[in-house]
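As a plain string of letters, each chain reads:
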Amino acid sequence: MEGSSAEAALSVSANSIRITDVTQDGDVLTFAIASQKLNSSAGVCVFRMYEDFDWLQQSLFSEENLPGLQGIIFPPLPSKALPSQSNTQTKALKQLGFLALGQDWQSYCKALEFYLQQVAAHPTLCKCKALDSFLINSESPGKQRGRKGIFNRLSQAVEEMRKESHKDVDNFFQNERNKNTNLAASSKVATEKLLDVVMTEQKLAVACGHFATSLHLCVNQDDAAAVAFSKVCLKLSDVIEAVKRNYEKVASNNLSTLGLGLDLESRYQESEKEMLFRRTCKLIELETVRKGTEKAKANKREVMEAFQKAVEKEFNLISSVAKQEIERFHSSRVKVLKTFLIGWCELQLNTAKEFAELYSQHLEACRNMYSE
């Protein structure tokens, strides 16, 4: 997904960006971000906290030298993780969803890594100087006060609802808004349903673990019948332990592939929704200015017409950028989801083959027990 124009604007290769480690100190997570210099074997490693990622996002929102900025579908930055809440599953899941699961914040790191790769591969956002600074400067940029960007003007909920229902003058954008509404709702439901599946698999794995352990309590060597029963319990414990590992592996596969893919899809649909809303706000502004121009008195008409032309020019530029972004977005999301789906199928198929072989071995061992 990375183009040559993106690489030319950065001093590092966009597809080389990796989060290689994360350390936790109380409520603070520090991420090690590695990348490789362009046309060089030299590597770069910087350490960043979430506030640094937020600073980068705000810097992207505030780029005044990028024409049609409001028409861009910004890569979605995951919400801030609060490690102190990690032991309160309900709060963590509500805050981060799939990204709250997994060991040592691996899923969360993967989401942040993918965010950086998407920004670096974007043909326009890659030109932002803040991105290059974020990736190569050893000093943390988060200490700088980030300017508030365009998203901070997405006012109150009632106002948003009124503007979101405003009919578009362009059928292309009206249809895209309708599709986005449906896809955003569907992807959110699909993500929540798969999350329920993964959590159920994890609970079943825990239950199997308890059951396998409890079977060891039945071991007794008092007489021949007790010894025979003990052998059955121990073998059954091995089988249940294998079932437990299977549940764990299947849940891990769901989490690391399809789960992350659906989570990203859901957040990206919201990002497109925000872009379409910004354009709708500009459309309403233009329509308001046109009405004002029509009602303007003769001595103010020239000024109002000049202002109208400026707003029209800005709206047309946003619409032009938005159309390009939507085309790129749909092409990108298909490729990304395809990659996650293929990875999911391959991992689950390998897991199924692995445990089918293991279950066959256990079955053969059980048959041998009864033939003795």
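All values reported here derive from a predicted model rather than from experimental measurement.

Student: Please provide a residue-by-residue account of the overall build of the protein, values included.
Tutor: Helix and strand content of the protein: nine helices and three strands. Helices and strands appear in the protein in the N-to-C order α-β-β-β-α-α-α-α-α-α-α-α. Taking all 372 residues of the protein together, the buried fraction comes to 44%. Considering only contacts within the protein whose residues lie at least 6 apart along the sequence, 73% involve residues at least 24 apart.

Student: Before we move on, can you summarise helix α8 (residues 224–295) with the specific residues and values?
Tutor: In this model α8 runs 103 Å from its N-terminal to its C-terminal C-alpha over 72 residues, within 8% of the 106 Å that 1.5 Å per residue would give. Its maximal kink placed at Gly 259, α8 deviates by approximately 40°. Its side-chain oxygen 3.1 Å from the backbone nitrogen of Ala 225, Asp 223 forms the N-cap of α8.

Student: So, the side chain of Lys 235: which residues are in play, and what are the values?
Tutor: With respect to the secondary-structure elements, Lys 235 resides in helix α8. Discounting chain neighbours no more than four positions away, the residues touching Lys 235 are His 362, Ala 365, Cys 366 and Met 369.

Student: Provide a residue-level description of helix α4 (residues 106–121), including the pertinent values.
Tutor: Taking 1.5 Å as the rise per residue, α4 with 16 residues should run 22 Å; its terminal C-alpha atoms sit 22 Å apart, in good agreement. Among the 16 residues in α4, 14 count as buried, and that is most of the element.

Student: How would you summarise the pairing of strand β2 (residues 28–36) if you had to cite specific residues and measurements?
Tutor: Bridge analysis of strand β1 (residues 18–25) against β2 gives seven bridges, and the strand direction is antiparallel. Paired with Gln 24 across the bridge in β2 is Leu 29. Linking two consecutive strands that pair antiparallel, namely β1 and β2, is a turn of two residues; a positive phi of about 70° is found at Gly 26 within it. Sheet analysis places β2 next to strand β3 (residues 43–49), joined by seven bridges and oriented antiparallel. Residue Ala 32 lies in a different strand from β3, and its bridge partner there is Phe 47. The loop that links β2 with its antiparallel partner β3 comprises six residues; one of these, Asn 39, has a positive phi angle of about 55°.

Student: Pulling in residues and values, what's your account of the packing of α4 against α8?
Tutor: Two elements in contact, α4 and α8, have axes whose closest approach is 11 Å; the angle formed by their N-to-C orientations is 50°. The angle between α4 and α8 places the two elements in the oblique class. In this structure, the crossing between α4 and α8 has a hand that is right-handed. Facing Ser 107, Lys 110, Ala 111, Phe 114 and Gln 118 of α4, the residues of α8 in contact are Leu 255, Leu 260, Leu 264, Arg 267 and Tyr 268. Residue composition of the contact of α4 with α8, by class: six nonpolar, two polar and two charged.

Student: Report on the confidence of the model for the protein, specifying residues and quantitative values.
Tutor: For the protein, the average pLDDT comes to 87, and 89% of its residues sit at 70 or higher. Highest mean pLDDT in the protein belongs to helix α7 (residues 171–214) (94); lowest belongs to helix α1 (residues 4–8) (50). Throughout residues 149–157 the model reports pLDDT below 50, and contacts reaching past four residues in sequence, or to other chains, amount to 18 contacts.

Student: Could you give an account of the sheet that holds β2, naming the residues involved and the relevant values?
Tutor: Pairing is antiparallel across the open sheet formed by three strands, whose spatial order is β1-β2-β3. Of all strands in the sheet, those bounded by a partner on one side alone are β1 and β3. Strand after strand, the sheet turns through a mean of 20° between neighbouring axes, direction not considered. With respect to the sheet, α4 is in contact with β1 and β2, its orientation differing from that of β1 by roughly 135°. Its contacts with the sheet put helix α5 (residues 129–136) on β2 and β3, and the angle it makes with β3 is roughly 100°.

Student: Tell me about the nonpolar core, residues and numbers included.
Tutor: One finds Phe 31, Ile 33, Phe 53, Leu 56 and Tyr 108 to be the most contacted residues of the largest nonpolar core, which totals 54 residues. Per element, the largest residue contribution to this core is nine residues, and it comes from α4. Excluding residues within four positions of it along the chain, Leu 56 makes contact with Tyr 115, Leu 116, Ala 130, Leu 131 and Phe 134.

Student: Explain the packing of aromatic side chains residue by residue, including any values.
Tutor: According to the stated counting rule, one finds nine aromatic pairs in the structure shown. Taken together, a centroid distance of 5.1 Å and an interplanar angle of 65° make the contact between Phe 53 and Phe 134 edge-to-face. One end of the pair, Phe 53, is in helix α2 (residues 50–61); the other, Phe 134, is in helix α5, and 81 residues separate them in sequence. Assigned by exposure class, Phe 53 and Phe 134 land together as buried. Centroid distance Phe 114 to Phe 340: 6.3 Å. Interplanar angle 50°. Geometry classified as tilted. Residue Phe 114 is found in helix α4, and its partner Phe 340 is found in helix α9 (residues 298–371); the two are separated by 226 residues along the sequence. Residue Phe 340 is classed as buried on the basis of its relative accessible area, which comes to 17%.

Rules used throughout
- Residues numbered from 1 in each chain as written.
- Predicted model: local features only at pLDDT ≥ 70, side-chain atom pairs only at ≥ 80, totals over all residues.
- Heavy atoms only, no water.
- Helix = DSSP H or I, 4+ residues; strand = E, 2+ residues; numbered from the N terminus.
- Buried < 20%, exposed > 50% of the residue type's maximum accessible area, 1.4 Å probe, protein only.
- Contact = heavy atoms within 4.5 Å.
- Expected span 1.5 Å × (residues − 1).
- Bend = angle between axes of the 7 residues up to and from the residue.
- Polar contact = N/O pair within 3.5 Å; in protein donor to acceptor, adjacent residues only side chain to side chain.
- Pairing = 2+ DSSP bridges.
- Axes fitted to C-alpha atoms, helices over the stretch in contact; angles between N-to-C directions.
- Parallel < 35°, antiparallel > 145°, perpendicular 65-115°, else oblique.
- Left-handed = near helix turned anticlockwise from the far one by under 90°.
- Nonpolar A, V, L, I, M, F, W, Y, C, P; charged D, E, K, R; others polar.
- pLDDT = per-residue confidence, 0-100.
- Core = buried A, V, L, I, M, F, W, Y, C linked by side-chain atoms within 4.5 Å.
- Phe/Tyr/Trp six-rings, centres within 6.5 Å; stacked < 30°, edge-to-face > 60°.

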